[in-house]
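Chain by chain, the residues:
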Amino acid sequence: MSLEQSALLLRRQLAELNRHPVDGFSAGLIDDDDIYRWEVLIIGPPDTYYEGGFFKTHLTFPRDYPLKPPKLKFMTEIWHPNIDKTGDVCISILHDPGEDKFGYERPEERWLPVHTVETIMVSVISMLADPNDESPANIDAAKEWRERREEFKKKVARCVRKSQETAWD
Amino acid sequence: MGNCLKSPTADDISLLRGNDSQDGSEASSEPPPPYQESVHVPMYHPAPNISRPASQLTEEEQIRIAKRIGLIQHLPTGIYDGSKKIRECVICMGEFCVGDAVRYLPCMHIYHKECIDDWLMRSFTCPSCMEPVDAALLSTYET
């Protein structure tokens, strides 16, 4: 896929999301001149510990998108088993495609070129609602989620409050 | 993997413009470095997350890639004539135009030849139904 094609595909998705916004997030470019770097604001999903939060994330696409997955980083502080302490999101659909020798992830759980910003964000929002504590990126958060749920809830609530204060900066 | 070293010229430009160069953005604005040949070197993917030119592949990787190219070439191709139910290539999200070169996978999904061939070099599965292409190929040989 050439540079022009990946840019064209991303422009098409941006236009589509502007025309038909999707519940749960709003997407735009960090810099209008760079189609490869998006800022996506995730609205904490209702009926989860993250409800009421506004989480700013950066989605960075490689030049050979959609053959390779983008990277997603939370810029707003967040406490979650599958998001490491620097904000990097670790979910299987953002892992490189291919033959997983060890069989941890089935091919359909990994990156596919049919994924779009919308399908990625839908997965991330469902990850917020339903952490996978079997492959944690933040081990402390995963342990807390499993063993000291009240403490976990308190930390998340603190992040939600903070996110409300900083969302419009 | 990206080169993290920034050239001094890029830094100078960002200083003149008065903005911080942020990660990922430095490559796009700077002029191409001198003495770089603009010859296109084809890249291969011995593993999904590794990209290397042919000259840097091990013998084993070369054989694997050659086999993969052979398998891909066994998949039927055609010219889109507008008669198919599938009207869009889900990889580039572009509509098929009459005359486009398309490739048919054993699961009957079709894509632009250029779009799907690049993908099949990385992962031998159909992006729409995740059907492993080689298993399907082998079963069609058996019948």
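Residues numbered from 1 in each chain as written. Chains lettered and ligands numbered in written order. Predicted model: local features only at pLDDT ≥ 70, side-chain atom pairs only at ≥ 80, totals over all residues. Heavy atoms only, no water.

In the annotation of an unreviewed UniProt entry, chain B is listed under the name RING-type domain-containing protein and assigned to Paralvinella palmiformis.

Looking at an unreviewed UniProt entry, one finds chain A named E2 ubiquitin-conjugating enzyme, with Paralvinella palmiformis as its source organism. Check the Sequence similarities (unreviewed entry) section of the UniProt entry for chain A; it says "Belongs to the ubiquitin-conjugating enzyme family." (UniProt positions renumbered as here; feature names shortened; annotations may be inferred.)

Here the focus is the overall build of chain A. Secondary structure summary: chain A contains four helices and four strands in total. Secondary structure of chain A in N-to-C order comes out as α-β-β-β-β-α-α-α. Taken over 169 residues, chain A has a buried fraction of 49%. If you take every contact in chain A between residues at least 6 apart in sequence, the share linking residues at least 24 apart comes to 53%. In the form shown here, chain A has an accessible surface area of approximately 8,800 Å², with 51% of it arising from carbon and sulfur atoms. (Helix = DSSP H or I, 4+ residues; strand = E, 2+ residues; numbered from the N terminus. Buried < 20%, exposed > 50% of the residue type's maximum accessible area, 1.4 Å probe, protein only. Contact = heavy atoms within 4.5 Å. Areas by Shrake-Rupley, 256 points an atom, 1.4 Å probe, with all protein chains shown as cover.)

All names here are of chain A. Strand order across the open sheet formed by four strands is β1-β2-β3-β4, with antiparallel pairing between neighbours. Edge positions in the sheet fall to β1 (25-29) and β4 (71-74), since each of these pairs with one other strand and no more. Along the sheet, successive strands turn relative to each other by an average axial angle of 25 degrees, direction set aside. As paired elements, strand β2 (residues 37-43) and strand β3 (residues 54-60) share seven bridges and run antiparallel to each other. When the sheet's bridge partners are listed, L41 is paired in β3 with K56. With respect to the sheet, helix α2 (residues 117-129) is in contact with β1, β2, β3 and β4, its orientation differing from that of β2 by roughly 40 degrees. (Pairing = 2+ DSSP bridges. Axes fitted to C-alpha atoms, helices over the stretch in contact; angles between N-to-C directions.)

Attention shifts here to the packing of aromatic side chains. Residue and element names in this part refer to chain A. If you walk through the whole model with that rule in mind, you get seven aromatic pairs over all chains. An aromatic cluster is present here, built from W38, F61, Y65 and W111 joined pairwise through their rings. The ring of Y36 carries the charged tip of R63 above its face, separated from the ring centre by 4.1 Å. Above the face of the W145 ring, R149 is positioned so that its terminal group lies 4.1 Å from the ring centre. (Phe/Tyr/Trp six-rings, centres within 6.5 Å; stacked < 30°, edge-to-face > 60°. Lys NZ or Arg CZ within 6 Å of the ring centre and 35° of its normal.)

All names here are of chain A. Geometrically, the link from Y65 to P66 is a cis peptide bond, its omega value of 5 degrees lying close to zero. Note that P66 resides in the loop between β3 and β4. One non-glycine residue, D47, adopts positive backbone phi at about 60 degrees. Relative to the assigned elements, D47 resides in the loop between β2 and β3.

Now for the confidence of the model for chain B. For chain B, the mean per-residue pLDDT works out to 75, and 64% of the residues sit at or above 70. This model gives residues 1-27 of chain B a pLDDT under 50, and the stretch forms 12 contacts once residues within four places in sequence are excluded. (pLDDT = per-residue confidence, 0-100.)

In this section: helix α4 (residues 149-166) of chain A. Three or four residues apart is the spacing at which side chains of an α-helix point the same way, because the helix has 3.6 residues per turn. Residues and elements named next belong to chain A. With 18 residues, α4 should cover 26 Å at 1.5 Å per step; its first-to-last C-alpha distance of 26 Å lies within 8% of that length. Along α4, the residues that are buried comprise F152, V156, C159, V160 and S163. For α4, the angular spread of buried residues about the axis comes to 105 degrees, placing them on one side. Of the exposed residues in α4, the ones pointing more than 90 degrees away from its buried face are E150, K154 and E165. Buried-residue contacts for α4 involve β3 and α3 (139-147). (Expected span 1.5 Å × (residues − 1). Arc of directions from axis to C-beta.)

Residue and element names in this part refer to chain A. Only one face of β4 is buried: it carries L72 and F74, and the other face, with K71 and K73, is open. Pairing geometry for β3 and β4, over four bridges, is antiparallel. The residue of β4 that forms the bridge with H58 is K73.

Right, let's get into the environment of T77 of chain B. Residue and element names in this part refer to chain B. Position of T77 among the secondary structure elements: in strand β3 (residues 77-79). Each C-alpha atom, one on T77 and one on Y104, is 5.9 Å from the other, the two residues being 27 residues apart in sequence. Not counting residues within four places of it along the chain, the set of residues in contact with T77 comprises V102, R103, Y104 and K113.

Residues and elements named next belong to chain A. Enumeration over the complete set of coordinates arrives at 13 salt bridges over all chains. As a salt-bridge pair, R19 and E16 come within 3.1 Å of each other at their nearest N and O atoms. Within this pair, R19 and its partner E16 are both found in helix α1 (residues 3-19), separated by three residues, close to a single helical turn. We note a salt bridge from K155 to E144, for which the minimum N-O separation is 2.7 Å. With a gap of 11 residues between them, K155 in helix α4 and E144 in helix α3 connect regions that are remote in the sequence. Take K155: its relative accessible area is 23%, and that puts it in the partly exposed class. By relative accessible area, E144 is classed as buried at 3%. Within this structure, E144, R148 and K155 form a network of salt bridges that share partners. (Salt bridge = Lys/Arg side-chain N within 4 Å of Asp/Glu carboxyl O.)

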